[in-house]
Structures are given as structure tokens and as C-alpha cells.
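So the chains spell out like this:
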Amino acid sequence: MEKADSQMLVILGASGDLTTRKLIPALYELYIRNLLPENFVVLGVARTALTDDEFRQKQRDGILASQKELSAKDIRLNLFLECLFYVNFDTRDTAVYGVLKDRVNELQKRYLLPDNIIFYMATPPEMYEVIPVGLQKSGLTYSATGFRRIVVEKPFGTNLKSAQHLTRLLESIFDEHDIFRIDHYLGKETVQNILVLRFSNGIFEPLWNRNYVDYVEIISTETLGVENRGNYYETAGALRDMIQNHLLQLMAFIAMEPPATFDPESIRDEIAKVFRSLHHYTPEELQKQIVRGQYIAGNIEGEKVQSYRDEKNVDVKSVRETYVAMKLELDNWRWGGTPFYIYTGKRLAEKKTEIIIHFKSTPQQLFVGQCSGSSCNQLVIRVQPDESIALRFGLKVPGSGFEVRQVSMDFLYSSLSDKKLPDAYERLLLDVMLGDSTLYSRADAQEASWRFIDPIIDDWTKKGNEGLTFYPAGSEGPRNIGQLISLDEKPNFVRCKAIVK
Ligand code: BG6
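Presented here is a report on the structure given in the accompanying data block.

Rules of the game
Residues numbered from 1 in each chain as written. Predicted model: local features only at pLDDT ≥ 70, side-chain atom pairs only at ≥ 80, totals over all residues. Heavy atoms only, no water. Near = heavy atom within 4 Å. Polar contact = N/O pair within 3.5 Å; in protein donor to acceptor, adjacent residues only side chain to side chain. Areas by Shrake-Rupley, 256 points an atom, 1.4 Å probe, with all protein chains shown as cover. Helix = DSSP H or I, 4+ residues; strand = E, 2+ residues; numbered from the N terminus. Nonpolar A, V, L, I, M, F, W, Y, C, P; charged D, E, K, R; others polar. Contact = heavy atoms within 4.5 Å. 1 Å grid on protein atoms, 1.4 Å probe; cavity = no way out; pocket = protein on both sides within 12 Å on 5 of 7 lines; lining within 4 Å. Points joined across faces, edges and corners; volume = space filled by probe spheres on them. Buried < 20%, exposed > 50% of the residue type's maximum accessible area, 1.4 Å probe, protein only. Pairing = 2+ DSSP bridges. Right-handed = clockwise from strand over helix to strand, strands pointing away. Core = buried A, V, L, I, M, F, W, Y, C linked by side-chain atoms within 4.5 Å.

**Re the site of the ligand**
And step 1. Close to the ligand lie K154, H184, Y185, K188, E222, R229, D241, M242, H246, K346, K351 and Q384, which account for all nearby residues.
And step 2. The contact in question runs from an oxygen atom of the ligand to an N or O atom on the side chain of K351, over 2.7 Å.
And step 3. Contact distances for the ligand include 2.6 Å between an oxygen atom and a side-chain N or O atom of Q384.
And step 4. Taken by itself the ligand offers 400 Å² of open surface, and the protein chains cover 80% of this.
And step 5. Considering each element in turn, the shell around the ligand owes the most residues, three residues, to helix α8 (residues 230-255).
And step 6. Split by residue class, the shell around the ligand holds two nonpolar, three polar and seven charged.

Rendered as C-alpha cells:
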């Protein structure tokens, strides 16, 4: 694989969890696979006072926690840690970023680095508008000879207005093509494989439309609760946290038209078109096509867990949703009339992310007991865990008569290679180092998705408690999910749920 030019990665918010659990272990993997640039330095920035050595020690622990078989004395691990540095100052004060500039200059000189810098904002979102200004004031955002890129973690805004505001601010400092809005779901192997499955095989394309697809399900359930992120989750909820970004992106990969070429802008054009064709709910549809829920105390894998309202930093009367099930439609020629159902929730029975394409049934049932309806023919893309793709169809049970049973032709990623699948952050970090924005979200797509999401949030804000249902932790979700199903004209939906479980 291609190697990026020598450069420096400045991680802002480097004392946090994301850096230690995800970013540094992903960089270490790239190092082991010899994919890091020839000359490469990581400079961590945060308010916490740490020396370079203390920062390295913290990151060593993070890498060791992610790779159980690795020894703390491993030579390569120690060589890698030597390229990590740290500087602390009050990042909230835009007047003091000169400290960062001095450290950057010193490291560039010491390691003969060209003037290429990526700034990664791994901070709480309230810093997203402060940091770029601080960087600009200190002169760090301009280079006559190299590049400047900025990576912004989600959430990118909390509604359309704030997303537009943030984009305007960033675009006043960086070029749009140097702004990388990260969505870690797009770095997942199976998600990228949706593009390959669809656009490198002739057999699926003729079926990939409203004429042959009955409906599509996108499911992403978690057993985890909000952990120590109560503060953030109270302002986000499942709709903003999972649907506005991750799950709408999955939907876009399934629904997009084939791009003219495989370059970032052609692909991102097609994704933006999907977001623009999202059918906006009428007031009546807002009532019927969305179910929101919140977990109460229950059991997960035999352990008692508390209710959402009892979590740290959560209001005891919170109406924040931890579960959403919704029926979406796309107003376009390929998908008009084909529903997409999205479900996501915390503290559910199982952790899984899966996309199921349900194909339409045969026009006539020739066999007694034939599995009927769209539940018979499915293409199941299992994003995680046990990454796989399965095609399900009916076949005859051996023996007399014509008893039909659903069988599954499975492809497991583990059978393709015994190497562990790369973490999403590995792919995404490598891409930003190479300047490839294919798997990063563009401003127009973000804005189109907020235009769809905003009216839902406004409706819920008006309603408060009304319409919020509760489900025990460890269950399948709110009981009134049946409402969504039974109000739907698609009777097959109920059958399919049984199979999915
Ligand atoms: C994050 C959300 O973006 O994605 C979390 O903020 C969620 O709330 C996580 O738990 C899920 O990611 P994954 O990769 O574990 O499915």
C-alpha cells in the first residue's frame, strides 16, 4: 500500500479516552504494518500536565490493553513510543497557542520534517470552534510548502444551524477538501465492502432497486449503556449519536447510485444525493413512523444494570431517548416506495450491527409450506461482530415431497484471512495522512442529514415525555415497537423480525 509523505499529527485532547483507546493503538498497528510515513511524529496536546515520558507511558498502557499478547518490552513498541511527544497548555485560551507552535517548530527541525501537519480534534465538541481559531492566531494553519488538514470527530453540530456555523468557521481557516469529518463506521471493513459487493459484481445491481427489494433493515444494537458519557448523551440521544451519522451513512452506501469513477468527490456526490432524497416526515408520519424509548433497570448477561435516569450526569427526569426505531423512505427513482427500517439502542440484549436486504417474494406459491414473502430471500451484511455476508433462500428438504426450508450461504471474513480485521481508525487515519477523503463526510451531506433530523428533534422537544416508552435493560427494546410494525402496510415485516431474532 501507498505510504503518505512525512508529516506530523497533532492530537488535541490527547489526554482523553479516544486517544488512548483508539487513535494511538491504531497508529501502532499502522507502524507494525509499515504504513506510517517515513518520518512521523505525534504531538499530543491537552490541558493536563504530563511530560513526554508520562504521555508515552499512558499510551503504552493503552496499546497493551488493546493487544493482550504484546510485551511491554517489545522493541518495536518502544521504538514506536519514541515518536510520541506531548505539550500542555490551556487550549480554551486562543491567545496561548504560541506554545504549540514552538513545540511544532522544534520537532520539525529535530526530525527534518517537511511542513505537513494534521490537526486531530479529539476533544469535547464545545472545543471545535475554539481550537481552529487558536491554531490560526498562532500562524499554525498556514504553510507555504506543505499541507494542513483538520479532523473533526462527531458530533458535527447538534442541528442544521450549528453544523452550518461550524462549517463556515472551519472553511474560513481551512479549504473544504482539508476538513475531514470523521465517522468511524465508514472505516469498518464490512461497510467498505458494501461498495465492492455492489459495484464489482454484476449479479446484484439488476436486483438492487424498488422492483426487487421489498424493504431494508439497518440494525445497530448495543449492550453497553452510556458509560461515563452521561453529560454528552443528555444533549445527544440515540438519534443524534447513532442515526444522524453512522446509520444514515450505512443507508447511503446501500442506496447510492454507482459513482462515475472511484474518486472521493464522485462517491461523496452520490452519498449527498441520497441524503437529499430522504423523505421528510409529515406531522402525521412523525407520530406513526418513529418509536423512541429509554432503558430502565434490568439485566445484561446476568448482571443487574441501572436505569438510564440513574446513570451519572443524567437528569432523574430525563426524556432523552436511548432507543429509536424508524421507518424511512427515499424520494427517488431507485427506491421510491421501498421502506428502510432503522433500529438502534443502548442496553439491549445483543451487540450487533447488521443490514438486511429483503427481496420480494415469488408471484405464486408453488410448494406447500414454502417460506413465503420477502423473509425468504435476504442478503444479510453483518457489520459486527462476526463480520460476514450471507445470502438466504429456500431449498428443498431431502426426502419425499417438496418441503422448503430457508438455507443460508455464508461468507465469513475470518475465512478470507487469519489476520484480525483492521480497526476502523486504522483505515481512516491512513486515509487522512494520504489526503483521501472518500470515507469522510462532506458538508452538504451533513447538512442534508440535519435537515431531515431537525424536525424530529423539534417534535420530541415539544412533546417531552409524551410518546417516550421504556424498556428494561437487556430486552429487545420498547414493547410498542409493534405499533410501528402493525401500522405499516407490510405484513412481512413481522415475520422477518422473528427471523432476525
Ligand atoms: C459512537 C457513539 O460514535 O459509536 C457511541 O457515540 C456508540 O455511543 C459507538 O457506542 C458505537 O460504535 P461501535 O463501533 O462500537 O459500533
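**Quick look at the side chain of S6**
And step 1. Examined against the element boundaries, S6 turns out to sit in the segment before β1 (7-12).
And step 2. A polar contact of 3.1 Å, which involves the side chain of S6, links it to the backbone nitrogen of N39.
And step 3. Excluding residues within four positions of it along the chain, S6 makes contact with P37, E38, N39, L113, P114 and N116.

**Topic: unusual backbone geometry**
And step 1. With an omega of 5°, the peptide bond running from K154 to P155 counts as cis.
And step 2. With respect to the helices and strands, P155 occurs in the loop between β5 (148-152) and α6 (160-171).
And step 3. Cis rather than trans, the peptide bond between Q384 and P385 has omega equal to -15°.
And step 4. For P385, the location among the structural elements is in the loop between β14 (378-384) and β15 (388-396).
And step 5. A positive phi angle is found at N34, which is not glycine, with a value near 60°.
And step 6. Of note, N34 is situated in the loop between α1 (17-32) and β2 (40-46).
And step 7. A positive phi angle, near 50°, is found at D386, a position not held by glycine.
And step 8. Residue position: D386 is located in the loop between β14 and β15.

**Some points on empty space enclosed by the protein**
And step 1. For the structure on display, the rule yields four cavities of 30 Å³ or more.
And step 2. Tallied by class, residues from the lining of the largest cavity come to four nonpolar, four polar and four charged.
And step 3. A volume near 40 Å³ is recorded for the second largest cavity.
And step 4. Surrounding the second largest cavity, L186, Q249, R268, I271, A272, T438, Y440, S441, R442 and A445 form its lining.
And step 5. Per-element tally for the lining of the second largest cavity: the top contributor is helix α9 (residues 264-276), with three residues.
And step 6. The class makeup of the residues in the lining of the second largest cavity is five nonpolar, three polar and two charged.

**Digging into the pairing of β1**
And step 1. Where burial is concerned, most of β1 is hidden: six out of the six residues are buried.
And step 2. Of the two faces of β1, both are covered, the one formed by Q7, L9 and I11 as well as the one formed by M8, V10 and L12.
And step 3. Where β1 lies against β2, six bridges are found, and the strand directions are parallel. Its bridge partner being in β2, Q7 is matched across the sheet by F40.
And step 4. Regarding the hand of the β-α-β motif, the stretch spanning β1, α1 and β2 is right-handed.
And step 5. Judged from the five bridges that link them, β1 and strand β4 (residues 117-121) form a sheet pairing that is parallel. Bridge pairing links L12 to M121 in β4.

**Here's the deal with the nonpolar core**
Buried together is how nonpolar side chains tend to be arranged in soluble globular proteins.
And step 1. Among the nonpolar cores identified, the biggest contains 148 residues, and L27, L100 and M326 are the most heavily contacted of them.
And step 2. The element that contributes the greatest number of residues to this core is α8, accounting for 15 residues.
And step 3. Those residues in contact with L100, other than ones at most four positions away along the chain, are V10, L43, V45, V87, F89, L135 and L140.

**A few points about the environment of L30**
And step 1. Within the element layout of this structure, L30 appears in helix α1.
And step 2. Taking the relative accessible area as the measure of exposure, L30 reaches 1% and is therefore buried.
And step 3. Sequence separation between L30 and R405 is 375 residues, and the spatial gap between their C-alpha atoms is 45 Å.
And step 4. Filtering out sequence-adjacent residues up to four positions away, L30 remains in contact with L35, L36, E426, L429, L430 and M433.

As far as function goes, none of this settles anything; it's purely spatial.
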